[in-house]
Amino acid sequence: MRKLVGAVAATAAAAAGLMVGTPAQASTTGAQACDLVTGQSVGYSALMLYVAVGLEGCSNSVTEVRVELQKGPSASGPFTTVAETYAYSGGGAWFDEGTGCGYYIGVAHWQDQTETTPTPTYHCN
């Protein structure tokens, strides 16, 4: 089961266009700069919502990123957090069913950086 979830997460990250997000420009405390990125929007697969996240420009490929799932009544918001979880960079944060219908965005947090999926998407979950 764990391998299946990992494979689905990798596929979802690729499908979500992980490289399309605009990175926040900040650096870590080390010599390398890392940019937090998200997918273009919240995705839906296997009855779950997901947010693709990653770190670019550094070797921290196995770093946990905190991700919030936020929902709003319209694409312009306002958005409120309905769930929160952690994801490994280069993968996806998965959220179970039960958050209802609405417009969703993902908000990722890592160190002093915050990145939001740029395109709100409507889902009924």
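Bear in mind the structure is a predicted one, so any value in this text is a computation, not a measurement.

Attention shifts here to the side chain of His109. Among the structural elements, His109 can be located in strand E7 (residues 101-110). One polar contact links His109 to Glu68, side chain to side chain, over a distance of 2.9 Å. Among the polar contacts made by the side chain of His109, one reaches the side chain of Thr114 at a distance of 3.1 Å.

Here we come to the nonpolar core. Residues Val53, Val65, Val67 and Phe95 are the most contacted members of the largest nonpolar core, which totals 17 residues. If you list the elements that add at least two residues to this core, you get strand E3 (48-56), strand E4 (64-72), strand E6 (91-95) and E7. For this core, the element with the most residues is E3, which contributes four residues. Among all residues touching Val65, those that are not within four sequence positions of it are Leu36, Val53, Thr85, Tyr86, Ala87, Ser89, Ala108, His109 and Trp110.

In this section: the pattern of salt bridges. All told, the structure shown has two salt bridges when counted by the stated rule. The salt bridge partner of Arg66 is Glu68, with a shortest N-O separation of 3.1 Å. A salt bridge links Arg66 to Glu84, with the nearest nitrogen and oxygen atoms 3.5 Å apart. Within this pair, whereas Arg66 is found in strand E4, its partner Glu84 is found in strand E5 (residues 80-88), the two being separated by 18 residues in sequence. By relative accessible area, Arg66 is classed as partly exposed at 24%. Here the salt bridges do not stand alone but share partners, grouping Arg66, Glu68 and Glu84 into one network.

This part takes up the environment of Val42. Structurally, Val42 is set in the loop between strand E1 (35-38) and strand E2 (43-45). Expressed as a C-alpha distance, the spacing of Val42 and Tyr103, which sit 61 residues apart in the sequence, is 9.3 Å. Sequence-distant contacts of Val42, defined by excluding residues within four places in its chain, comprise Leu49, Tyr50, Val51, Leu69, Tyr104, Ile105, Gly106, Thr117, Thr121 and His123.

What follows is about the state of the cysteines. In this structure the tally under the stated criterion is two disulfides. Between the sulfur atoms of Cys101 and its disulfide mate Cys124 the distance is 1.9 Å. Judged by the sign of its S-S torsion, about 120°, the bond between Cys101 and Cys124 is right-handed. Remark: Cys124 occurs in strand E9 (residues 121-124) and Cys101 occurs in strand E7; sequence separation between them is 23 residues. In the protein, the bonded cysteines, taken in the order they occur along the sequence, pair up as 1-2, 3-4.

So, on to the pairing of strand E8 (residues 113-116). Alternating positions in E8 separate cleanly, Gln113 and Glu115 being buried on one face and Thr114 and Thr116 remaining unburied on the opposite face. Taken together, the four bridges between E7 and E8 define a ladder with antiparallel strand orientation. For His109, the partnering residue across the bridge sits in E8 and is Thr114. Hairpin connection from E7 to E8: two residues lie between these consecutive antiparallel strands, with Gln111 at a positive phi of about 50°.

Rules used throughout
- Residues numbered from 1 in each chain as written.
- Predicted model: local features only at pLDDT ≥ 70, side-chain atom pairs only at ≥ 80, totals over all residues.
- Heavy atoms only, no water.
- Helix = DSSP H or I, 4+ residues; strand = E, 2+ residues; numbered from the N terminus.
- Polar contact = N/O pair within 3.5 Å; in protein donor to acceptor, adjacent residues only side chain to side chain.
- Core = buried A, V, L, I, M, F, W, Y, C linked by side-chain atoms within 4.5 Å.
- Buried < 20%, exposed > 50% of the residue type's maximum accessible area, 1.4 Å probe, protein only.
- Contact = heavy atoms within 4.5 Å.
- Salt bridge = Lys/Arg side-chain N within 4 Å of Asp/Glu carboxyl O.
- Disulfide = S-S within 2.5 Å.
- Pairing = 2+ DSSP bridges.

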